[in-house]
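Residues per chain, in single letters:
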Amino acid sequence: MLKSKTFVKKTRSGGVMKIVREHYLRDDIWCGSEVCTVCKQESTVLQKDACIESNLCSYPHYLIPDTNVVLHQIDILEDPVIRNVIILQTVLQEVRHRSAPVYKRLKDIIHEKEKHFYTFTNEHHRETFIEREPGETANDRNDRAIRMAAKWYSQHLKTFESNTDGLKVVLLTNDQGNKQKAQDSGLLVYKCEEYIKSLIANPELVDRLALSDDDKNEITTSKVLFPEHLPLSRIQAGIKSGSFLQGTFRASRDNYLEATVFVQGEGEESTEVLIQGLQNLNRAVYQDVVAVQLLPRDQWVAPSSVVLQDEGKAKDDNAEEEEEEKALKVSAAEAARKPTGKVVGIIKRNWRPFCGMLNVSQIKESTRHLFTPADRRIPRIRIETRQAATLAGQRIMVAIDGWPKDSRYPNGHFVRSLGSAGEKGTEEEVLLLEHDVPHQAFSQAVLSFLPKMPWAITPEDMVKREDLRHLTVCSVDPPGCTDIDDALHCRELGNGNLEVGVHIADVSHFIRPGNALDKEAASRGTTVYLCGKRIDMVPELLSSNLCSLRSNVERLAFSCIWEMNHKAEILKTRFTKSVINSKASLTYAEAQMRIDDTTKNDDIIKSLRGLNKLAKILKRQRIEKGALTLSSLEVRFHMDSETHDPIDLQTKELMETNSMVEEFMLLANISVAQKIYDEFSECALLRKHPAPPPSNYDILLKAAKSKDVEIHTDSAKALADSLDGAKVDGFPYFNTLLRILATRCMMQAVYFCSGMDSDFHHYGLASPIYTHFTSPIRRYADIIVHRLLAVAIGADSTYPDLMDKQKQSALCNNLNYRHKMAQYAQRASVAFHTQLFFKSRGILNEEGFVLFVRKNAIIVLIPKFGLEGTVFFDTKDKTVPNLVFDEEGPTLNIEQHTFHIFDKVKVTISLDDSNIQHQKIRMALIDPVIPGVSVPAPDVEPQAKKPKLDR
């Protein structure tokens, strides 16, 4: 049966186009129920005994939620208790248009077999499709379509003799008008809250209910605390006229009364607007897209140096906050002012479920409590729960429902418990969730695209590839590495030149464009390495087996092969899909020992020595061109084999073989970048490292000047040369400290699409063009680069998305985000394991160096542990003399002692676990001894892994 609509549309050129829309209706769409004997269905989803203990519905029943119930109560629908639910096509389409995150969560639920969620295509069923009536809104039409489908299901299920238990259908809606109309037409209908409260066997579900508007009104005060948000129409008009600016809200981690709004300008330009004070922050939450209005210039202020944590008193009285806001303004008067504004409206909320802990109310029997998020940039959230006693001391997840103008805090609801705070498994889960690292098990849909085992290279594969199994190829990696991306070979040719090959796992052979496995890898973007744990980008069958270039097995590779002379000058470059058989999987230390052992000279050792010799020349050439050799301390934990707790912590030593592998990976990446750009100038996926703005170098220049050392920063080459020459007699560690500081001045390297940018330069590597080709097992960018290179050499076919620069650019944005979050997750993991280490060690005394000087603190680096912490000098005690801070130095004078950058100090290190959610390493000064100074517990930031040479 066919329904069609015809209408005419005016084109841009002024012509008229006739459009015919056809809508097919069918009578063979299944109902999905086990009790049905009429629908000739091959399989069923909805169970016959759909029982759940309810004092409203004592009979077995299926649920049909309307669109708003799905949008606002997705946490309820995800609960294992809720099963046998009919999701109508009308609802699914509306949810898809209104919220992509909820739509994805709903699709995930539908794919869970044990949940028994059935999608019914009511819009194409002959008996449930309805036309929109004249004057009827789209929303009213959809509500009527939902009621129509519910009515059809009720009548359909009644007709079967097998339905002896009286199986019924219950419609869930929070719309009073929709509910009334459903009741008038004889349907069983309840508000979502009514139904959930009726589930007497599962009272904990009530906590997961998102607050309705009635509830929100109930728990606010009569006092208006915040200005009204402007409607979207006024915001859009204001942005168009230039009276408002649109940007991303970034709350301060150190001061809950301060934030900045990042406003993206034309091209590369962007500005930041400072927001200070509760009223000006106006209920914006970290990462929201907001509209801001600039204040008059005479009201502009400077960022505050005051550290203010919201103590979270459960009251709507803001007398204390007014005092704190005054403190902000006093402290800001001295410094340079910045553009300052106020939030006038919210364009897009970017709320997610937040991890944290419950502050149990002091009022006995109270069900209203404050939740403190782990992320200090998120405000406290008021929730209703009857499980407070159980949840105290646990890490939990909470979602925000709304933030009324008369409530000091946003309102939210409990989502789920993650486990006891402080436990290793719980804290790992928290850091993955908080850094948005996808870590769920790979779905069946994804796993279905893996090769069937046993797998072997076929004769068809061999025909299309170069057979390089005879070459002496070997891999060199960190100890315990199972996802081996790269292997190398070097041999002498008959003409006296050298052949060098970099062989990379051919992951793109196994992951084909557009399938579920490819989409999952693109979403994850990168493998995330935590201390003692790895969250793979691709399933383990690929990452640790079929793609991993292990020794003595045949593997598919993508090879980059150069012919070089003995001066490491490239004479020829070629790329080929290949088959290799690695002769050895070595660690850096094993490879170094073989190179250094003069008694041996087998083929592997000859290859390694040839590679090492060339790598030294390549590195020298690179440094001569202006490549930077920066420094940061890389931490390695030694884990207990049974408890997996850290028992030792030390900084890693780098060997010649680390540098050897690094050089050839860089060379391969540069060679491939040039090739794909030559072939696809508009859609090559490249990587750039922008030059830092001159102001970034201020602290480096001040630090060098304090030791009478001159640093030049007008180019990467000038910086590299002056860092090489920076030495202080009797202070051998000075150069390393200077390079650590220089690392902090750098910008982030990013992926980009060549057709969307004109600046390709990689500042740190001093290379005009660069990409990532060498790690496709752990980086999705490399998979795209492999596909581009394969098309360029005729080894594979192209596909539309690969040549679409807009889609490539959007992919780059996701990859940059995922890489940044993976870095932050790694740092958080190092911080947590450092805390575990010091928990078992008690108090340690260690030597360190002052890295930064602040107004009331020094930041100290402990080289032995790669640990960085803050020693605060607390001037709240009136007996303590005033601190004298000189920004020019920068220096801090206290009790006739002056602290400079790079001063040597001695500190005690211990764990302060008085706040279980925000445990921190406490540092206290031992030497120099300064009488009369109190030293409170400081925050600490353990160093992340060393920034590699972006290979």
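Below is a summary of the structure that appears in this document.

1. Structural notes on the overall build of the protein
Argument step 1. When its secondary structure is counted, the protein shows 26 helices and 38 strands.
Argument step 2. Here the protein holds 951 residues, and the buried ones make up 53% of them.
Argument step 3. Taking all contacts inside the protein whose residues are at least 6 apart in sequence as the whole, residues at least 24 apart take part in 68%.
Argument step 4. Counting every atom, the protein has about 44700 Å² of accessible surface; 50% of that belongs to carbon and sulfur.

2. Notes on the packing of aromatic side chains
Argument step 1. For the structure on display, the rule yields 16 aromatic pairs.
Argument step 2. Ring centres of Trp455 and Phe510 lie 5.4 Å apart, and the angle between their planes is 55°; on these two criteria the pair is classed as tilted. With Trp455 in the loop between helix 14 (444–447) and helix 15 (459–463) and Phe510 in helix 16 (residues 507–510), the pair connects residues that are 55 residues apart, well separated along the chain.
Argument step 3. Measuring from ring centre to ring centre gives 5.6 Å for Phe873 and Phe899, while their planes differ by 20°; the resulting arrangement is stacked. Taken together, the positions of Phe873 in the loop between strand 33 (867–872) and strand 34 (884–886) and Phe899 in strand 36 (residues 897–899) put the pair 26 residues apart, joining distant regions of the chain. Summarising the burial analysis for this pair, Phe873 and Phe899 share the class buried.
Argument step 4. Of the aromatic side chains, those joined through ring pairs into one cluster are Phe731, Tyr733, Phe734, Phe849 and Phe902.
Argument step 5. Against the face of Phe262 rests Arg250, its NZ or CZ located 4.4 Å from the ring centre.

3. A closer look at empty space enclosed by the protein
Argument step 1. The tally for this structure, following the rule as stated, stands at three cavities of 30 Å³ or more.
Argument step 2. Empty space within the largest cavity amounts to approximately 60 Å³.
Argument step 3. Together, Asp436, Val437, Pro438, Arg524, Thr526, Val528, Ile535, Asp536, Met537, Arg818, Met821 and Ala822 line the largest cavity.
Argument step 4. In terms of residue count, helix 26 (residues 805–841) provides more of the lining of the largest cavity than any other element does, three residues in total.
Argument step 5. When grouped by side-chain class, the residues that make up the lining of the largest cavity number seven nonpolar, one polar and four charged.

4. Overview of the sheet that holds strand 33
Argument step 1. Overall, antiparallel pairing links the five strands, which are arranged 33-32-31-37-38 in an open sheet. Either end of the sheet is taken by a strand with one partner, and the two such strands are strand 33 and strand 38 (920–927). Adjacent strand axes in the sheet meet at a mean angle of 45° when their direction is disregarded.
Argument step 2. Relative to strand 38, strand 37 (residues 904–912) is paired through seven bridges, and the arrangement is antiparallel. Paired with Asp912 across the two strands is Lys920, which belongs to strand 38.

5. Brief notes about the pattern of salt bridges
Argument step 1. Applying the stated criterion across every chain yields a total of 48 salt bridges.
Argument step 2. As a salt-bridge pair, Glu427 and Arg395 come within 2.7 Å of each other at their nearest N and O atoms. Placement of the pair is Glu427 in helix 13 (residues 424–434) and Arg395 in strand 16 (residues 394–402), with a sequence separation of 32 residues.
Argument step 3. The class of Arg395 is buried, set by a relative accessible area of 4%.
Argument step 4. We note a salt bridge from Lys577 to Asp506, for which the minimum N-O separation is 3.1 Å. With Lys577 in strand 25 (residues 570–581) and Asp506 in the loop between strand 21 (498–505) and helix 16, this residue pair connects regions lying 71 residues apart in the sequence. No difference in accessibility class separates Lys577 from Asp506, as the two residues are buried.
Argument step 5. Salt bridges sharing partners connect three or more residues here, namely Asp75, Glu78 and Arg105.

6. Considering the pairing of strand 13 (residues 354–359)
Argument step 1. Counting buried residues along strand 13, five of its six residues qualify, which places the element largely inside the surrounding structure.
Argument step 2. Pairing analysis gives three bridges linking strand 13 to strand 16, with the strands arranged antiparallel. Its bridge partner lying in strand 16, Gly356 is registered against Ile396.

7. Structural notes on helix 20 (residues 603–625)
Argument step 1. Under the 1.5 Å per step criterion, the end-to-end length of helix 20 is 33 Å for 23 residues, consistent within 8% with the ideal 33 Å.
Argument step 2. For helix 20, the full list of buried residues reads Ile604, Ile605, Ser607, Leu608, Gly610, Leu611, Asn612, Leu614, Ala615, Ile617, Leu618 and Arg622.
Argument step 3. Two or three places before Ile604, at the start of helix 20, stands the capping residue Asp602, its side-chain oxygen 3.1 Å from that residue's backbone nitrogen.
Argument step 4. Where helix 20 ends, the next residue or the one after it, Gly626, has phi of about 115°, a positive value.

8. Structural notes on unusual backbone geometry
Argument step 1. Across the junction of Met453 and Pro454, the peptide omega takes the value -5°, indicating a cis bond.
Argument step 2. By secondary structure assignment, the location of Pro454 is in the loop between helix 14 and helix 15.
Argument step 3. Residue Pro928 is reached from Asp927 by a cis peptide bond, and omega for that bond is 5°.
Argument step 4. Its location among the elements puts Pro928 in the segment after strand 38.
Argument step 5. For Asn282, which is not a glycine, the phi torsion comes out positive at approximately 40°.

How each quantity is defined
- Residues numbered from 1 in each chain as written.
- Predicted model: local features only at pLDDT ≥ 70, side-chain atom pairs only at ≥ 80, totals over all residues.
- Heavy atoms only, no water.
- Helix = DSSP H or I, 4+ residues; strand = E, 2+ residues; numbered from the N terminus.
- Buried < 20%, exposed > 50% of the residue type's maximum accessible area, 1.4 Å probe, protein only.
- Contact = heavy atoms within 4.5 Å.
- Areas by Shrake-Rupley, 256 points an atom, 1.4 Å probe, with all protein chains shown as cover.
- Phe/Tyr/Trp six-rings, centres within 6.5 Å; stacked < 30°, edge-to-face > 60°.
- Lys NZ or Arg CZ within 6 Å of the ring centre and 35° of its normal.
- 1 Å grid on protein atoms, 1.4 Å probe; cavity = no way out; pocket = protein on both sides within 12 Å on 5 of 7 lines; lining within 4 Å.
- Points joined across faces, edges and corners; volume = space filled by probe spheres on them.
- Nonpolar A, V, L, I, M, F, W, Y, C, P; charged D, E, K, R; others polar.
- Pairing = 2+ DSSP bridges.
- Axes fitted to C-alpha atoms, helices over the stretch in contact; angles between N-to-C directions.
- Salt bridge = Lys/Arg side-chain N within 4 Å of Asp/Glu carboxyl O.
- Expected span 1.5 Å × (residues − 1).
- Polar contact = N/O pair within 3.5 Å; in protein donor to acceptor, adjacent residues only side chain to side chain.

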